[in-house]
Every structure is written in structure tokens, then in C-alpha cells.
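Chain and residue survey
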Amino acid sequence: MKNYRVDLHIHTVLSPCASLHMSPDVIIQRALEQKLDIIGIADHNSTKQCEVISEMGKEVGLTVLCGAEINTKEEVHCLTFFGNMDKLKEFQRYLDVHLPVVKNKPDLFGDQVWVDKENNILGEEQRLLIVGLDVSIDEVSEKVAELEGLFIPAHVDKPSNSIISQLGFLPDYLTVSGVELSANVNIGEFESKHPWIKDSTKLVNSDAHMPEQIGSSYTVMQLQEPTFDEVKMALKNETGRHVIRLSIKGESFDSWIIKS
Amino acid sequence: MKVCDLVDKLDLKVFCGQQGINRLVDGAYVSDLLSDVMGNVDENNVWITLQTHKNIVAIASLKEVAAIILVKGHEPEQAALEQSNTEGIPILGTKLETFEIAGRLYALLNES
């Protein structure tokens, strides 16, 4: 077993709100500089930039988990990741069906393009990606479970677009792989206010929209090897795989302290 | 005023939670952020929202809300409906938008 640095919340050029500098090559280079072992590509409501980055990651020994940061009907943001390209593509078809047709205005919201390895534009998403899907958080979580993916409510402590802001609390019947805390969290204060979080595996990621943010906060996991399946096991605390600590803007929090 | 009076006077649909139809109403609160509702709604208020998730019933129960009104033709999700029947907190519906139903409810509560 070895410790791996994991940052599962990185936006790319495809997200309207992310910088156009967030191209595949820049993301990979910055991830390596930050000594990350596993990154997650999570654009708003789209998986279309994942495959290129995943292939480029393979060439340099960086594991890239492929998924999206979905926005549910209640406007709760959740990270989703999938174990292979077939499942990712099926989830993309699901997103295409459930993303309402609101045309993007790039001047207002930003560009929504995806690119190849050399940064040539492969396509542009016409529909605004930041709107809420027409399905509830329960329905999306069921779809993700059917595809054996990871389902992680994002930045749960944030005052907007979080499960807490929109729905008050995490309903006990909703199966999640873990919960993501934002980099601005005050863990002690948050846990005393929302004790339900003690039963969930906690992660911290960068939520990077600009290259310099990649790896600014990350999670350390103990794994056999850096793969999707191993991350899944770590989130479930199975057979020795687990979250060791959270690194939040340079400050380290051991997971035993967080669990207490 | 009681929940059943609002149903009559505002032409509301009763989806579920029928057993709470005689609860007393002494005010209302409008919000779609459940974290905000949790902090600010008062007991015996009617809560106007477009959220349809099961969590609305949990929060209504916690805060002793008299009834929930869903706007714009929204319907409660199945899990919310079942929970409403268990808790006895009526979920009501209107085709009107929030602005309009809130205005009518305000006028109604002020004249009583």
C-alpha cells in the first residue's frame, strides 16, 4: 500500500466559468508539478473533455478519473465518476436527455468548447452547461449507482449549490460515495452544526477553474495502485484502502481527527 | 385561519397529508433554499416553495410548519408524498407563480 495525492474536482475549458487556459496539456503539466497521482475531470453537466485528458494522462503515468459535476433539479452540485468509457458515454447520453435547452451566451457565461491533445477545438456545447438538470438528486444518484459510478455531493459546506444550502441536509436514504468539503471549510464548526457528516467519508479537492488552483487542496488516500476501483474502495474504507488525510490550502487534517 | 380555509379560498389542490387539514395558520414564509427555511420559518406558517424533494417534509415537520404550497403546477415527488401522509403535513398545489399566490395569501391573512 502507498499514499496517493488525489484532486477529484478540476474544471476544463469546457466549463463556461473555467479559464480557457484549462486545456488538457496545462492541466496534466500542473497536476504533475503539484505531485498529484490521481485527478478527476469534473466539468458542469458534461463529460466531453474527459477522454482526451485521460489518454494524455496515461502517457505520463497520471491517473485521470472521468466524470462530471452535475447540477440537479434542486441545484445541488455533485461529483460523478465512472469506471470505463462505455459507462461514461452512457452517462453522457443521460445528461444530453436531461439537460434543459437554454442556449449559452458565451459573452455572458463563457465559452464551452472541448479540445484535442493539440488544443484544436473539437466541438462547442450550445446548451448552457451550468443550468440544473430536469432530474432530482435521488434520480441522478440512482443512475450513477446503476452505472457503478462514484457519487459525491460537492462542496457541501458552501452557502450556494450545496446539498445543505438547497436541501438542508443529506437525506439518510441517499447513498453517496463520500462528501466533498470546500477549501474554505472550518471542519470543527461544520461538524458540530451538521453531525450527520461524521458518518460519511470526507474529501477535499481544489475545484480548480484556473491552472494555479490545481492541487491547492487535495486528499491523500492509501491505495494498492492508483485506479478508479481502488479509489472506490478507499471511499468505502475497504480492505485497508482509506482516506488518510485532507490537505486544505496547505494545512493538513488527519482523517482520524475528522472522524472523531 | 385553518389550512382548509386556504384550500377553499385560494383554490388549492390537496396532494397529501389530508389529516393535517385543520391545522392553524398564522403567517407564511417564501423560500426555495431549505437551509434558509430551516433557519427562518416560524411554526404555524404556510411555506411556499417550488422544491418537491422529500426533504421539504422533514424540514416542515422539524419547524412545525402548517402546510406546504407548491407553485406553478409542481407536484411532490413520491417519497415526499408518502412522508407527508406519515407526518400529517399537507402538501398543497397551485398553478399560480410564487408572486401571485404569495400576494393573495398575504391579503387573505391580513383581512382575517
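This paragraph deals with the overall build of chain A. Each helix and strand counted, chain A has nine helices and twelve strands in total. A compact globule built from 260 residues should have a C-alpha radius of gyration of about 18 Å, and chain A, at 17 Å, falls within 12% of that. Scored against the burial criterion, the 260 residues of chain A give a buried share of 49%. Considering only contacts within chain A whose residues lie at least 6 apart along the sequence, 70% involve residues at least 24 apart.

Moving on, we get to the overall build of chain B. For chain B, the helix and strand inventory stands at five helices and five strands. Going from N to C terminus, chain B has its helices and strands arranged as α-β-β-α-β-α-β-α-β-α. For 112 residues, the compact-globule formula gives about 13 Å, and the C-alpha radius of gyration of chain B, at 12 Å, lands near that figure. Relative to its full complement of 112 residues, chain B shows a buried share of 41%. Relative to all contacts within chain B whose residues are 6 or more apart in sequence, the contacts with residues 24 or more apart total 50%.

The next point concerns the interface of chain B and chain A. Opposite the ten residues of chain B that make contact, chain A presents nine residues. Elements that contribute at least two residues to the side of chain B that touches chain A include exactly α2 (34-40) and α3 (55-62) of chain B. Looking at the side of chain B that touches chain A, the element that brings in the most residues is α2(B), giving three residues. Residues of the side of chain B that touches chain A, tallied by class, amount to four nonpolar, four polar and two charged.

What follows concerns the nonpolar core. Core analysis: the biggest nonpolar cluster contains 102 residues, and A:C78, A:I152, A:V231, B:V46, B:A67, B:I68 and B:I69 have the highest contact counts within it. Ignoring any residue separated from it by four or fewer positions in sequence, one finds B:I69 in contact with B:L12, B:V46, B:I48, B:L92, B:T94 and B:I101.

Residues and elements named next belong to chain A. Relative to the helices and strands, K117 is located in the loop between β5 (113-115) and β6 (121-124). When the C-alpha atoms of K117 and D25 are compared, they prove to be 6.9 Å apart, with 92 residues separating the residues in sequence. Aside from chain neighbours lying at most four places away, what touches K117 is P24, V52 and M56.

Let us now look at the sheet that holds strand β4 (residues 67-70) of chain B. Residue and element names in this part refer to chain B. Pairing in this open sheet of five strands is mixed, and the strands run β1-β5-β4-β3-β2 from one edge to the other. The open sheet has two edge strands with one neighbour each: β1 (13-16) and β2 (27-30). Taken over all neighbouring pairs, the strand axes of this sheet differ in orientation by 30 degrees on average, direction set aside. Across the sheet, helix α4 (residues 78-87) lies against β1 and β5 (91-93), angled at about 90 degrees from β1, the strand it touches most.

Here the focus is unusual backbone geometry. Positive phi, normally seen in glycine, also occurs at A:D207, with a value near 50 degrees. Relative to the helices and strands, A:D207 is located in the loop between β9 (202-204) and β10 (218-223). Here the phi dihedral of B:N44 falls at roughly 65 degrees; this positive angle occurs in a residue that is not glycine. As for its position among the elements, B:N44 is in the loop between α2 and β3 (45-49).

This part is about the sheet that holds strand β11 (residues 242-248) of chain A. Residue and element names in this part refer to chain A. Strand order in the open sheet formed by eight strands is β7-β4-β3-β2-β1-β10-β11-β12, and the pairing between neighbours is mixed. With one partner strand each, in any of the chains shown, β7 (150-153) and β12 (251-254) form the two edges of the open sheet. Within the sheet, the average angular offset between the axes of one strand and its neighbour, ignoring direction, is 25 degrees. Bridge count between strand β1 (residues 2-10) and strand β2 (residues 38-44): three bridges; the pairing is parallel. Residue pairing for β2: D7 is matched across the bridge by I39.

Cut-offs and rules
- Within each chain, residues carry numbers counting from 1 in the order of the written sequence.
- The lettering of chains begins at A and the numbering of ligands begins at 1, in the order of writing.
- Local features in a predicted model are, by the rule used here, given only for residues with pLDDT of at least 70; side-chain atom pairs are given and counted only at 80 or more, and totals for whole chains, interfaces and linings are based on all residues.
- Working definition: helices are DSSP H or I runs of at least four residues, strands are E runs of at least two. Numbering for both runs from the N terminus.
- Only the C-alpha atoms count toward the radius of gyration. The rule for a globule is 2.2 Å times the residue count to the power 0.38.
- The burial label depends on the number of other C-beta atoms within 10 Å of a residue's C-beta. Counts of 20 or more mean buried, 12 or fewer mean exposed, and intermediate counts mean partly exposed, with C-beta atoms placed from the backbone.
- Residue pairs qualify as contacts under a 7 Å threshold applied to their C-beta atoms, which are placed from the backbone.
- Amino acids are sorted into nonpolar (Ala, Val, Leu, Ile, Met, Phe, Trp, Tyr, Cys and Pro), charged (Asp, Glu, Lys and Arg) and polar (every other residue, Gly among them).
- Among buried residues, those of type Ala, Val, Leu, Ile, Met, Phe, Trp, Tyr and Cys that are joined through C-beta atoms within 7 Å form a set called a nonpolar core.
- Think of it this way: DSSP has to see at least two bridges between two strands before they count as a pair.
- To obtain an axis, a line is fitted to C-alpha atoms, over the contacting stretch when the element is a helix, and the angle between two such axes runs from 0 to 180 degrees between their N-to-C directions.

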